[in-house]
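The lines below spell out each chain.
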Amino acid sequence: MAPYRRELLVHAYRLTGASSDAEDVLQEGMLAAWRGLSGLRERAALRAWLYRVTTNAALRLVERRGPRLLSWDTATAAHPAAELGMLREDVRWVEPFPATGDPAEATERREHIELAWIAALQHLPATQRAVLVLREALGYTADETANILDTTRASVNSALQRARATLAQRMPQPDDASAPDLDRAAVRTFVEAFTAGDVERVVALLAEDARFTMPPLPAWFDGRADVAAFLRNSVFATPWRACEVGLVNGYPAVFGEQLWEGEWRPGALMILHLREGRIDWLATFIGPMCAAWAENLPSDR
């Protein structure tokens, strides 16, 4: 069962929208699989059976805990001079997830793990979500999906049609120009400018319609002017140092440490959604949502 652990974790993340929930699902699913392994008659059926067990565990969790949200699901855009509000621990936020496999694979299949897609899935009923992931992200046939979900081919096809219609209203068309491997120069410039506290250079990387989010704080900013004002007035009020941490959710990510009371402390995980060399969404995670990445920082930073 061990060789399937990573892909099952990714599957659980797609269904739950959170790396923490995915770990819970995987633990429950693998335990159930271990208990029932003796009843598996054909070893060739192991992978599909593990997906069945994991999917059912994820659906149970989703039904209990409800959907994960993005910042704009909870409030309208804030004014850059307004109070940021308290950390919203009552909101279940969509969480980041490290890229899987090698960089080439992560780039090729980023549409099946990127934050916008994961967030869009949260607006689907649990069964529709599972059908869409099994059919489109994993490539299972309608009959295989029906077997995993213990339902009929007709029900699978109907659920897939409804799920596609809902996602078409929420997801923009894929933009090949935003592939992470085409934006290395922009990422390097961002890291250098952020570390130097060069606000204008960071702002120059923003698209006109750029958005800035930072859960678990509820405030978010819409448009380059407001994002720029928030960066100038709040973010760069203290020194930062930044470094690349590879791909997160299929896009380049930067980890920032903030100088606070004479000590460098984990400050933010920033996922750079780039379009033609400009950042149109700076998806930032702060507090406990970024702390785990601090353990993987290069020693020479």
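The structure we're discussing is the one just above.
Throughout, residues of each chain are indexed from 1 in the direction in which the sequence is written. With the structure being a predicted model, the display of local features is reserved for residues of pLDDT at least 70 and the display and counting of side-chain atom pairs for 80 or more, all residues being used for whole-chain, interface and lining totals. Hydrogens and water are ignored here; the side-chain numbers use all heavy atoms of the structure.

### Regarding the pairing of strand β5 (residues 263-275)
- The pairing criterion is simple: DSSP has to find at least two bridges between the two strands. To qualify as a helix, a DSSP run of H or I must reach at least 4 residues; to qualify as a strand, a run of E must reach at least 2; elements of each kind are numbered from the N terminus. In the sheet, strand β4 (residues 251-260) pairs with β5 via eight bridges, with the strands oriented antiparallel. The partner of valine 254 across the bridge, within β5, is methionine 270.
- The sheet contact formed by β5 and strand β6 (residues 278-286) spans eight bridges and is antiparallel. Of the residues in β6, the one forming a bridge with methionine 270 is threonine 284.
- Count of turn residues in the β5/β6 antiparallel hairpin: two residues, of which glutamate 276 carries a positive phi of about 55°.

### Description of the sheet that holds β6
- Read across the open sheet, the six strands follow the order β2-β1-β6-β5-β4-β3; overall the sheet is mixed. Only two strands of the sheet have a single partner each, and these edge strands are β2 (220-222) and β3 (240-248). The sheet shows a mean angle of 20° between the axes of neighbouring strands, direction not considered.
- We call two residues in contact when some of their heavy atoms are within 4.5 Å. Lines fitted to C-alpha atoms define the axes, with helix axes restricted to the stretch in contact, and inter-axis angles between N-to-C directions lie between 0 and 180 degrees. Where helix α12 (residues 224-233) meets the sheet, its contacts fall on β1 (206-213) and β2, and the angle it forms with β1 comes to roughly 55°.

### Some thoughts on the pairing of β1
- Sheet topology note: the β1/β6 ladder contains four bridges and is parallel. Residue pairing in the sheet places threonine 213 in a bridge with alanine 283 of β6.
- As paired strands, β1 and β2 are joined by three bridges and run antiparallel to one another. Following the sheet pairing, phenylalanine 212 is matched in β2 by phenylalanine 221.
- Connecting β1 to the next strand, β2, in antiparallel fashion are six residues.

### Brief notes about the packing of helix α3 (residues 46-65) against helix α7 (residues 126-137)
- Between α3 and α7, the shortest axis-to-axis distance is 10 Å and the interhelical angle comes to 145°. Here the hand of the crossing between α3 and α7 comes out right-handed. Listed contacts from α7 to Thr55, Leu59, Val62 and Glu63 of α3 are Ala126, Thr127, Arg129, Ala130 and Leu134.
- Side-chain classes follow a simple rule in which Ala, Val, Leu, Ile, Met, Phe, Trp, Tyr, Cys and Pro form the nonpolar group, Asp, Glu, Lys and Arg form the charged group, and the remainder, Gly included, forms the polar group. For the contact of α3 with α7, the per-class residue count stands at five nonpolar, two polar and two charged. For any pair of crossing helices, the crossing counts as left-handed if the nearer helix is rotated counterclockwise from the farther one by less than a right angle, and right-handed if it is rotated clockwise.

### Comments concerning the side chain of asparagine 249
- Within the fold, asparagine 249 resides in the loop between β3 and β4.
- Burial here depends on accessible area, computed with a 1.4 Å probe over protein chains only, as a share of the maximum for the residue type. Under 20% is buried, over 50% is exposed, and the range in between is partly exposed. Overall, the relative accessible area of 0% leaves asparagine 249 in the buried class.
- Here a polar contact means two N or O atoms within 3.5 Å. Within protein one must be a hydrogen donor candidate and the other an acceptor candidate, and residues neighboring in sequence count only if both atoms are side-chain atoms. One polar contact links asparagine 249 to tyrosine 13, side chain to side chain, over a distance of 2.9 Å.
- A distance of 2.6 Å separates a polar atom in the side chain of asparagine 249 from the backbone nitrogen of phenylalanine 97.

### Observations concerning the pattern of salt bridges
- Throughout this description, the term salt bridge denotes a Lys or Arg side-chain nitrogen within 4 Å of a carboxyl oxygen of Asp or Glu. Considering all chains together, one arrives at 20 salt bridges under this definition.
- Linking glutamate 23 and arginine 5 is a salt bridge whose minimum nitrogen-to-oxygen distance equals 3.5 Å. With a gap of 18 residues between them, glutamate 23 in helix α2 (residues 19-36) and arginine 5 in helix α1 (residues 5-16) connect regions that are remote in the sequence.
- For glutamate 23, a relative accessible area of 36% corresponds to the partly exposed category.
- Among the residues examined, arginine 5 registers a relative accessible area of 40% and is labelled partly exposed.
- One salt bridge connects glutamate 208 with arginine 224, and the closest N-O pair in it is separated by 2.9 Å.

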